[in-house]
Amino acid sequence: MKRIKTPLEEKELAGLEPGDEVLLSGRIYTSRDQAHARMTEAIRKRKGLPIDLRRAVIYYCGPAKAARGKPIGSCGPTTSSRMDAFTPLLLKYGLRGMIGKGGRSQKVSQAIKKYKAVYFLAPAGCGALITRYVKSARPAGYQDLGPESILELEVKDFPLIVAIDTKGRSIYGKA
Amino acid sequence: MKIIRAVKIAKVVADLCVKANCVLRSDVLRKLKEALRKEKNPRAKNALKAIVENARIAQKEDLAICQDTGLPIVFAELGRDLRIIGDLKQAIIKGVEAGYCKGNFRESIIRDPLKRGRSVYRGAIIHLDVVRGSKLKITLLPRGFGCENKSRLKMFNPTAGFAEIKQFIVDTVREAGADACPPYVVGVGIGGTADYAGLLAKKALLRSGVSSKKTVSVLEKELLFEINKLGIGPMGLGGKATCLKVNIRTFPTHIAGLPVAVNISCHALRSAGATL
């Protein structure tokens, strides 16, 4: 089991291979469909982004509300392929890690290889279990999107599996 | 004539929302544990362990099993000798709203599918049926969209054979791949019309036991075997368990057609029911 921290280091990422189990700690950002669409539009219109994408990790997740005294509610991954159309552009702007569930398109695999990024799988359908690894959550952008807004999460030892490595190789075989 | 007040119904629906989303169905949990016992692939074993542990934590800590508490579907069977004081549909909607609020569940449903935005809809899709007797049976099925997105319908020719139908169902699961949280429960609706086959497929997901129809139960077993040969496995990382169960529901159909609808459920197949 390898331990990695955010912001991601290129060297560290280069040592990962499909199937590797890692424990991720540090700051990550939640973002799903609408936040992806909005960030893409902002980049195209040369407007600012609410988060710094450089060496950042995005978690495809829209969590449930937190009960009193807890940082977050159930917070499992959503289907990554819905974000495929937006991903290459975000990689170009510095994104280096993505966490989700399921396969990615060939275009995304190629972009992952080009920018030496990594796509990880989180335990799919295990939103209650994943709350254990989230130490804190704070709003980080597009708050009007409600559950689809961007949150900054502080995670500790979040168990992930490398699905696509920096060479574009996939755990699912050919993309 | 038996009488129930709408406020009572709202309360029951609210409780069903919390129960369905936080306590995994015992038949599903049993199938998951069985799959864990049989699994040899270490990655698949770990994934199944996480799934079983997730269900335990959700129940213990009143957390949603999955953050996607879905679009709530309510099946209400109203006995014709029962009188309701108040508005049944309003009571169900109020109950859903109260239950989803109490459970701290995500506001996943938007009012306008075209404009999108954040105008939240706190209702449900309600299927109302009038039946014999003086009871009201309510079943809540929260539908997450990771798997709902993988639904498919095909209008076969009436002369289509079992092999063709099976191929379509297996292909639907293959296409879902790892995206919709395997191991799946596959609901299939055969017969009726295009829309009704979809409803049959959804209702099929509610069944916990084996079908009483021999042709259906044989087909279900064959499909389960075929689907598990795909080797998608838990989280799509390979292994024996791609599918926990296939549930088929049938209905009379036209001589000119054979509608077949597939409604896949993720491993967190949630539903809860109560009879008043």
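Note that the coordinates shown come from a computational prediction; the quantities given were computed from them, not determined experimentally.

It is worth spelling out the sheet that holds strand β7 (residues 184-192) of chain B at this point. Residue and element names in this part refer to chain B. Here 4 strands make up an open sheet; going across it, the order is β6-β9-β7-β8 and the pairing mixed. Each edge of the sheet is formed by a strand with only one pairing partner; in this case those strands are β6 (152-156) and β8 (243-253). Geometrically, the sheet is characterised by an average inter-axis angle of 15° between neighbouring strands, direction not taken into account. Across 6 bridges, β7 lies against strand β9 (residues 258-265) in antiparallel orientation. Bridge pairing in β9 links V186 to I264. Taken strand by strand, helix α6 (residues 162-176) contacts β6, β7, β8 and β9, and its axis lies near 30° from that of β9. Across the face of the sheet, helix α8 (residues 214-228) comes into contact with β7 and β8 while running at roughly 140° to β8.

Here the focus is the sheet that holds strand β5 (residues 136-143) of chain B. Residues and elements named next belong to chain B. With mixed pairing, 4 strands are arranged side by side in an open sheet as β4-β2-β5-β10. Because the sheet does not close on itself, it has two edges, and the strands there are β4 (125-131) and β10 (272-275). Averaged over neighbouring strand pairs, the angle between their axes works out to 15° when direction is ignored. With respect to the sheet, helix α1 (residues 6-22) is in contact with β2 (71-79), β5 and β10, its orientation differing from that of β5 by roughly 40°.

We now examine the interface of chain B and chain A. Contacts between the two partners involve 31 residues from chain B and, on the opposite side, 31 residues from chain A. Sorting elements by how many residues they give to the side of chain B that touches chain A places helix α3 (residues 42-61) of chain B first, with 8 residues.

Once that is clear, we can look at the nonpolar core. Within the largest apolar cluster, 127 residues are counted, with the highest numbers of intra-cluster contacts made by F120 of chain A together with V13, V186 and V188 of chain B. Examining the composition of this core, we find that 10 residues originate from one element, α1 of chain B, more than from any other. The two domains that each donate at least three residues to this core are domain 1 (2-23 + 65-143) and domain 2 (145-274) of chain B. Setting aside chain neighbours within four positions, we find F120 of chain A in contact with G97, M98, I99, L160, I161, V162 and A163 of chain A.

Attention shifts here to the confidence of the model for chain B. Summarising the model, chain B shows a mean pLDDT of 97, and 100% of its residues fall at 70 or more. Both scores are given for the predicted complex: the pTM is 0.95, the ipTM 0.94.

With 20 residues, α3 of chain B should reach 28 Å at 1.5 Å per residue; the first-to-last C-alpha distance of 28 Å fits that figure. Turning to α3 of chain B, its buried residues number three or more, namely A44, A47, L48, A50, I51, N54, A55 and A58 of chain B. Along the axis of α3 of chain B, the buried residues cluster in a sector spanning 155°; they form a single face. More than 90 degrees from the buried face of α3 of chain B, the exposed residues found are P42 and K60 of chain B. Residues of α3 of chain B that are buried make contact with α5 (127-130) of chain A together with α1 and α2 (26-38) of chain B.

Residues and elements named next belong to chain A. Bridge count between strand β1 (residues 2-5) and strand β2 (residues 21-30): 4 bridges; the pairing is parallel. Considered in β2, the bridge of I4 is made with L24. The sheet contact formed by β2 and strand β7 (residues 150-164) spans 8 bridges and is antiparallel. Note that in β7 the partner of L24 across the bridge is F158. Examined bridge by bridge, β2 and strand β3 (residues 57-59) share 2 bridges and lie parallel to one another.

Residues and elements named next belong to chain B. Extensive coverage of β5 is indicated by the burial of 6 of its 8 residues. Note that β2 and β5 share 8 bridges and pair antiparallel. Bridging from a neighbouring strand, A76 pairs with I138 of β5. For β5 and β10, the ladder comprises 4 bridges, and the chain directions are antiparallel. Bridged to L140 within β10 is A272.

Definitions and limits used
Residues numbered from 1 in each chain as written. Chains lettered and ligands numbered in written order. Predicted model: local features only at pLDDT ≥ 70, side-chain atom pairs only at ≥ 80, totals over all residues. Pairing = 2+ DSSP bridges. Helix = DSSP H or I, 4+ residues; strand = E, 2+ residues; numbered from the N terminus. Axes fitted to C-alpha atoms, helices over the stretch in contact; angles between N-to-C directions. Contact = placed C-beta atoms within 7 Å. Core = buried A, V, L, I, M, F, W, Y, C linked by C-beta atoms within 7 Å. Buried ≥ 20, exposed ≤ 12 C-beta atoms within 10 Å, placed from the backbone. Domains from an automatic or database assignment. pLDDT = per-residue confidence, 0-100. Expected span 1.5 Å × (residues − 1). Arc of directions from axis to C-beta.

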